Structure formats: structure tokens, C-alpha cells
Amino acid sequence: MEKEGLIKKIHGGAVLDLPNQESDYERRKTKNLEAKRAIAKEAAKHVEDGDIIYLDYGTTTYLLAEELLKLKNITVVTNTIPIVNLLLRSDSVNLVILGGMVRKNEDSLYGPFASNNIKNIYVDIGFFGCGGIDSFSGITNHHIGETEISKEMMSHCQNKIILADHSKFGTTAFNQTATFSDVDIIITDKDIDEEIKSEILKHNVEVVIAKGASGGEENDD
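Let me begin by describing the structure that accompanies this report. (Residues numbered from 1 in each chain as written. Predicted model: local features only at pLDDT ≥ 70, side-chain atom pairs only at ≥ 80, totals over all residues. Heavy atoms only, no water.)

This brings us to helix α7 (residues 194-202). Between a side-chain oxygen at the N-terminus of α7 and the backbone nitrogen of Glu 195 the separation is 3.0 Å; the capping residue is Asp 193. Backbone geometry just after α7 places Asn 204 at a positive phi near 60°. (Polar contact = N/O pair within 3.5 Å; in protein donor to acceptor, adjacent residues only side chain to side chain. Helix = DSSP H or I, 4+ residues; strand = E, 2+ residues; numbered from the N terminus.)

Okay, structure coming up:
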């Protein structure tokens, strides 16, 4: 089975070798772009001039960062190098970088240094991506280190908003980022499965469908 690519041997057993695990950041940026851009535009409506916000790692939060360049006197806290590079020279954005270890295939920062810097930071709104949203497992993501940073930042945000295109629903990634009761709003690009939606609404979470999105192709993140 290993020769056929179905499993991968490890010490003490074997695991499924799935080819559709989380893909590299740059490749994912172009997937489902119309839906992600619509979500980003909808998310930007929740931000006002002068706000302090957190942008988690992910490709949809990058598109939101592009939208925030249109606002004035925004403070952005982030752990994502592509977002840092985008906002670095903007006169309208005050940029705060958490720092930490670099995850090279995602260009994200995580680890104890980042966690320590979070302790005294509080923001108005946090925008978080995800790898999956499911009625049983809640909101999940792929990388343990990045997920820990997301969890820690959620406790330092007055409002927590999840950005998730339709392909994330009914999917579970490796680590739980949050339960539905931990977040305030989920923004997506089209109506979602009734079972999942019902579970979300039980926790008084607002589900917002972004205008101008047609769904698009399936996507990793």
C-alpha cells in the first residue's frame, strides 16, 4: 500500500498519506479568489478609521489587508509576513508584528516569542482564517503552532470574526482553534449546510453571506 501511495510508514505503524493536505500559501492565494475577495470586502465593512485590529495568517486575511489600505489611521497586529510586506510602507497603517519562529511554507510567525508579545496586546476586532468548520469539531486549522497563536489572540479581541469560504464547511482540520461560542461572526461566500448553520446559530453567532460571490472552485484554505 505504501508503494501505491495510500499509506506512509511511521515508527509504530502507518498513517494515511493524503495528497490534499494544506498547500503552500502562494499557491492557495489564487484559489477561489472571487469568493475570498468578496468575503474580504464584506469583512472590511466591520472596520472603521482608527480601529485596532488583528489579522491572523491565511489568504483571505491577506485580501482583507488590501481592503484596509483604503482606510485611515488603522493599527494592524499580525503574525503573517505577506501582510507585513503589504502594509509595511503604508502611511495609513500602524503596523505591529508579533514576531516568532518562521513557518516557511506559510510565511507565518508562531512560538513562545509571539505568545509572550500577545500578553499585553488588546485589539478591537480579530479576523481569523480556518481550515475547517464543522458542527461537531467547531473551527479548526492545520498547524499546531499557528493555532495556538490564534487561540491566544482570540482572548485579546473584543470581537472575533471568522473568514471562511464555502469549501471549509463540513471539513475538519487537525487542531481546534475555537468553539462556536468563542466567536461573534462568521463571514462566508454562500449559504451553508443547514445542520452546521443550526449549530452555529445556537451559540448566537451571526452568519454573514458576502455579496457578489458566486462560490467558485473548491479550495484548501
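Resuming the write-up.
Moving on, we get to the side chain of Lys 36. Positionally, Lys 36 belongs in helix α2 (residues 33-44). Despite its burial, Lys 36 remains without a salt bridge, the nearest opposite charge being carried by Asp 165 at 5.0 Å. For Lys 36, the side chain forms a polar contact with the side chain of Thr 59, separated by 2.6 Å. (Buried < 20%, exposed > 50% of the residue type's maximum accessible area, 1.4 Å probe, protein only. Lys, Arg positive; Asp, Glu negative; His and termini not counted. Salt bridge = Lys/Arg side-chain N within 4 Å of Asp/Glu carboxyl O.)

Quick look at the nonpolar core now. In this structure, Tyr 54, Ile 133, Ile 162 and Ile 200 are the most contacted members of the largest nonpolar core, which totals 28 residues. Contributions of two or more residues to this core are made by α5 (112-118), β8 (123-128), α6 (144-154), β11 (157-163) and α7. When residues of this core are assigned to their parent elements, the largest contribution, 3 residues, is made by α6. Among all residues touching Tyr 54, those that are not within four sequence positions of it are Val 77, Thr 78, Asn 79, Leu 98, Val 123, Ile 125, Gly 126, Phe 127, Phe 128, Ile 149, Met 153 and Cys 157. With 27 residues, the next largest nonpolar core counts Ile 39, Ala 43, Tyr 62 and Ile 185 among its residues. (Core = buried A, V, L, I, M, F, W, Y, C linked by side-chain atoms within 4.5 Å. Contact = heavy atoms within 4.5 Å.)

This brings us to the packing of α2 against helix α3 (residues 59-68). Across the interface, α2 lies against α3 with an axial gap of 8 Å and an inter-helix angle of 50°. Judged on the interaxial angle alone, α3 and α2 are oblique. Relative to α3, the crossing made by α2 is right-handed. Taken together, the residues of α3 that come into contact with α2 (itself represented by Leu 33, Lys 36, Arg 37, Ile 39, Ala 40, Lys 41, Ala 43 and Ala 44) are Thr 59, Thr 60, Leu 63, Leu 64, Glu 66 and Glu 67. Of the residues assigned to the contact of α2 with α3, the class counts are 7 nonpolar, 2 polar and 5 charged. (Axes fitted to C-alpha atoms, helices over the stretch in contact; angles between N-to-C directions. Parallel < 35°, antiparallel > 145°, perpendicular 65-115°, else oblique. Left-handed = near helix turned anticlockwise from the far one by under 90°. Nonpolar A, V, L, I, M, F, W, Y, C, P; charged D, E, K, R; others polar.)

Let's shift gears to unusual backbone geometry. Of note, Asn 73 is a non-glycine position whose phi angle comes to about 55°, a positive value. Mapped onto the fold, Asn 73 is located in the loop between α3 and β4 (74-78). One non-glycine residue, Asn 204, adopts positive backbone phi at about 60°.

The next point concerns the sheet that holds strand β13 (residues 185-188). With parallel pairing, the 7 strands of this open sheet are ordered in space as β5-β4-β3-β8-β11-β13-β14. Every other strand in the sheet has two partners, leaving β5 (93-97) and β14 (206-209) as the edge strands with one partner each. Strand-to-strand twist across the sheet, computed as the mean angle between neighbouring axes with direction ignored, equals 25°. Sheet topology note: the β8/β11 ladder contains 5 bridges and is parallel. Considered in β11, the bridge of Phe 128 is made with Ile 162. Lying on the sheet, α2 is in contact with β8, β11, β13 and β14; it crosses β13 at an angle near 145°. (Pairing = 2+ DSSP bridges.)

What follows concerns the side chain of His 156. Structurally, His 156 can be placed in the loop between α6 and β11. Among the polar contacts listed, one links the side chain of His 156 to the backbone oxygen of Ile 118, at a separation of 3.3 Å. From its side chain, His 156 meets the backbone oxygen of Ile 121 in a polar contact 2.7 Å long. Every residue in contact with His 156, bar those within four places of it in the chain, is listed here: Ile 118, Lys 119, Ile 121, Tyr 122 and Val 123.

The next subject is the pairing of β14. Pairing analysis gives 4 bridges linking β13 to β14, with the strands arranged parallel. Following the sheet pairing, Thr 188 is matched in β14 by Ile 209. Note that the unit made of β13, α7 and β14 has a crossover that is right-handed. (Right-handed = clockwise from strand over helix to strand, strands pointing away.)

Ordered by their spatial adjacency, 3 strands build an open sheet running β9-β10-β12, and the pairing between neighbours is antiparallel. Edge positions in the sheet fall to β9 (132-134) and β12 (175-178), since each of these pairs with one other strand and no more. Neighbouring strand axes in the sheet, compared pairwise and without regard to direction, differ in orientation by 40° on average. Here strand β10 (residues 138-141) pairs with β12 via 3 bridges, running antiparallel. In the strand pairing of β12, Thr 140 is matched with Gln 176. Along the sheet, α6 makes contact with β10 and β12, crossing β12 at roughly 15°.

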